[in-house]
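Take a look at the letters that make up each chain.
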Amino acid sequence: MTQPAKPISVSEALTQGADHHMAGRHRQAEAIYRQVLKAQPDNADALHLLGVLARQLGQPAAAVEL
């Protein structure tokens, strides 16, 4: 019998998101950043990284909003 995965910290999640982001796996990075924001809507790091990603994907209005 396998045990359920241990929940990761926000810091670990942001590190994973940034790793995906830097590797060009934008969908995975965005999903992680949004999960962090779901748990902590005012998380400055997640907001910033999601804004950077939006800018890189050609969504300047979304980037400014974030």
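One can find the structure itself at the top, above this paragraph.
Basis of the calculations
- Residues numbered from 1 in each chain as written.
- Predicted model: local features only at pLDDT ≥ 70, side-chain atom pairs only at ≥ 80, totals over all residues.
- Heavy atoms only, no water.
- Helix = DSSP H or I, 4+ residues; strand = E, 2+ residues; numbered from the N terminus.
- Buried < 20%, exposed > 50% of the residue type's maximum accessible area, 1.4 Å probe, protein only.
- Contact = heavy atoms within 4.5 Å.
- Areas by Shrake-Rupley, 256 points an atom, 1.4 Å probe, with all protein chains shown as cover.
- Lys, Arg positive; Asp, Glu negative; His and termini not counted.
- Charge placed at Lys NZ, Arg CZ, Asp CG, Glu CD.
- Expected span 1.5 Å × (residues − 1).
- Arc of directions from axis to C-beta.
- Salt bridge = Lys/Arg side-chain N within 4 Å of Asp/Glu carboxyl O.

A. Examining the overall build of the chain more closely. Secondary structure summary: the chain contains four helices and zero strands in total. Across its three principal axes, the chain shows a C-alpha extent of roughly 45 × 25 × 15 Å. Counting over 66 residues, the chain shows a buried share of 26%. Restricting to contacts in the chain with at least 6 residues of sequence separation, those with at least 24 account for 27%. Carbon and sulfur atoms provide 55% of the accessible area of the chain, an area that totals close to 5000 Å². A gap of 8 Å separates the mean positions of the 6 positive and 6 negative side-chain charges of the chain.

B. Representation of helix 2 (residues 26-39). The first and last C-alpha atoms of helix 2 sit 20 Å apart over 14 residues, in line with the 20 Å expected at 1.5 Å per residue. Buried within helix 2 are the following residues: A29, I32, Y33, V36 and L37. The buried residues of helix 2 occupy one face: seen down the axis, they fall within an arc of 140°. Every exposed residue of helix 2 that faces more than 90 degrees away from the buried side is listed here: R27, Q35, K38 and A39. Taken together, the buried residues of helix 2 touch helix 1 (10-22) and helix 3 (44-56).

C. Quick peek at the environment of L47. Among the secondary structure elements, L47 is positioned in helix 3. Assessed through its relative accessible area of 23%, L47 is described here as partly exposed. Once the C-alpha coordinates of L47 and S9 are considered, the two residues, 38 residues apart in sequence, prove to be 17 Å apart. Other than its neighbours up to four places away in sequence, L47 contacts L37, P41, D42 and L66.

D. Structural context of the pattern of salt bridges. Following the criterion strictly, the structure yields one salt bridge and no others. For R34, the salt bridge goes to E30, with nearest N and O atoms at 3.0 Å. Taken together, the residues span about one helical turn, with R34 and E30 both in helix 2 at a distance of four residues. By relative accessible area, E30 is classed as partly exposed at 28%.

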